[in-house]
Amino acid sequence: MLEGRVAIFLEGSPFASIAPATFTMLLQSPEDYYERWIAGTLVRCLRYFAAFVSTFGPSLYISLISFHQGLIPTKLALSIAGTRVGVPFPSIIEVLIMEVSLEILREAGLRLPKPIGQTVGIVGGLVIGDAAVRAGIVSPFMVIVVAVTAISSFAIPQYSAGISLRILRFLAIFAASILGLYGVVLFFLLLCSHLVKLKSFGVPYMSPAVPYRLSDWKDFILRAPLRLMKKRPKMLGTRNPTRED
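What counts, and where the lines are drawn
- Residues numbered from 1 in each chain as written.
- Predicted model: local features only at pLDDT ≥ 70, side-chain atom pairs only at ≥ 80, totals over all residues.
- Heavy atoms only, no water.
- Phe/Tyr/Trp six-rings, centres within 6.5 Å; stacked < 30°, edge-to-face > 60°.
- Helix = DSSP H or I, 4+ residues; strand = E, 2+ residues; numbered from the N terminus.
- Buried < 20%, exposed > 50% of the residue type's maximum accessible area, 1.4 Å probe, protein only.
- Core = buried A, V, L, I, M, F, W, Y, C linked by side-chain atoms within 4.5 Å.
- Contact = heavy atoms within 4.5 Å.
- Axes fitted to C-alpha atoms, helices over the stretch in contact; angles between N-to-C directions.
- Parallel < 35°, antiparallel > 145°, perpendicular 65-115°, else oblique.
- Left-handed = near helix turned anticlockwise from the far one by under 90°.
- Nonpolar A, V, L, I, M, F, W, Y, C, P; charged D, E, K, R; others polar.

## Considerations on the packing of aromatic side chains
(1) Moving on: For the structure on display, the rule yields six aromatic pairs.
(2) Moving on: Centroid distance Phe23 to Tyr205: 6.4 Å. Interplanar angle 65°. Geometry classified as edge-to-face. Residue Phe23 is located in helix H1 (residues 23-26), and its partner Tyr205 is located in the segment after strand E4 (203-204); the two are separated by 182 residues in the primary sequence.
(3) Moving on: Residue classification places Phe23 among the partly exposed residues on the basis of a relative accessible area of 24%.
(4) Moving on: Accessibility expressed as a relative area gives 17% for Tyr205, which makes it buried.
(5) Moving on: Three or more aromatic residues link up through ring pairs in this structure, and these residues are Phe52, Phe56, Phe187 and Phe188.

Right under this line is the structure:
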């Protein structure tokens, strides 16, 4: 609201909707402004990296393992090939088995009481991952990729944004299984072209990246010192350009 946005409250709901919504809002957290600008910038950059890993981690693994083995360093390629000895499924089936199992465990943990849900999520993930590796269904490296992807998804502040990234992850997986790295790049370009067309209450969804506004980049990927953020974002088109203290 200090930036000039509008908050919508509904009677009987503990949540509030803020408009207009942009992509940058989904990766911002109030903690970014409680710390110094260096720490806030570092955490925000890690959050953007985690969002990328959460969306494209498994698809990049599939494309490199199945189509572009030459892009992997020789020692690492030999190590991965050694862990896949005896695995009867292609990489796409490995990823789907682990991702679907993880999503089921995550939803089950949310529906159970909090103490039991955390235990089921952690213990279930460890037991299923270890059992799948011992049974030769998936490779240990695949378990690492899925675990890193899951941890990265928990770094997204907004739960609704995390759900969207989980859906896009599966679309990227299928694109990688069909065309490899070219499919991942094509999917990324199609995703970007779709996002730049979206608008929220007349404000471009990808602002301030598209359209480009340098003055609004003070609170985009980087978080500038508060003394330099006296003006409201130009993308909102507010009548009063000065922030309220």
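After that view of the structure, there is still more to cover.
## What about the nonpolar core?
(1) Moving on: With 32 residues, the main nonpolar core has Tyr61, Ile62, Val95, Met142, Ile156 and Phe187 as its most contacted residues.
(2) Moving on: Within the residue set of this core, elements represented by two or more residues are helix H3 (37-66), helix H5 (91-111), helix H7 (140-153), helix H8 (159-179) and helix H9 (181-195).
(3) Moving on: Ranked by residue count, the leading element in this core is H8, at seven residues.
(4) Moving on: The residues contacting Val95, other than those within four sequence positions of it, are Pro58, Tyr61, Ile62, Met142 and Ile173.

## Description of the packing of H3 against H7
(1) Moving on: Packing of H3 against H7 leaves a shortest axis separation of 7 Å and a crossing angle of 160°. By the angle between their axes, H3 is roughly antiparallel relative to H7. The chirality of how H3 crosses H7 is left-handed. Contacts between H3 and H7 involve Ala50, Val53, Ser54, Gly57, Pro58 and Tyr61 on the former and, on the latter, Phe141, Met142, Val145, Val148, Thr149, Ser152 and Ser153.
(2) Moving on: For the contact of H3 with H7, a count of residues per class yields eight nonpolar, five polar and no charged.

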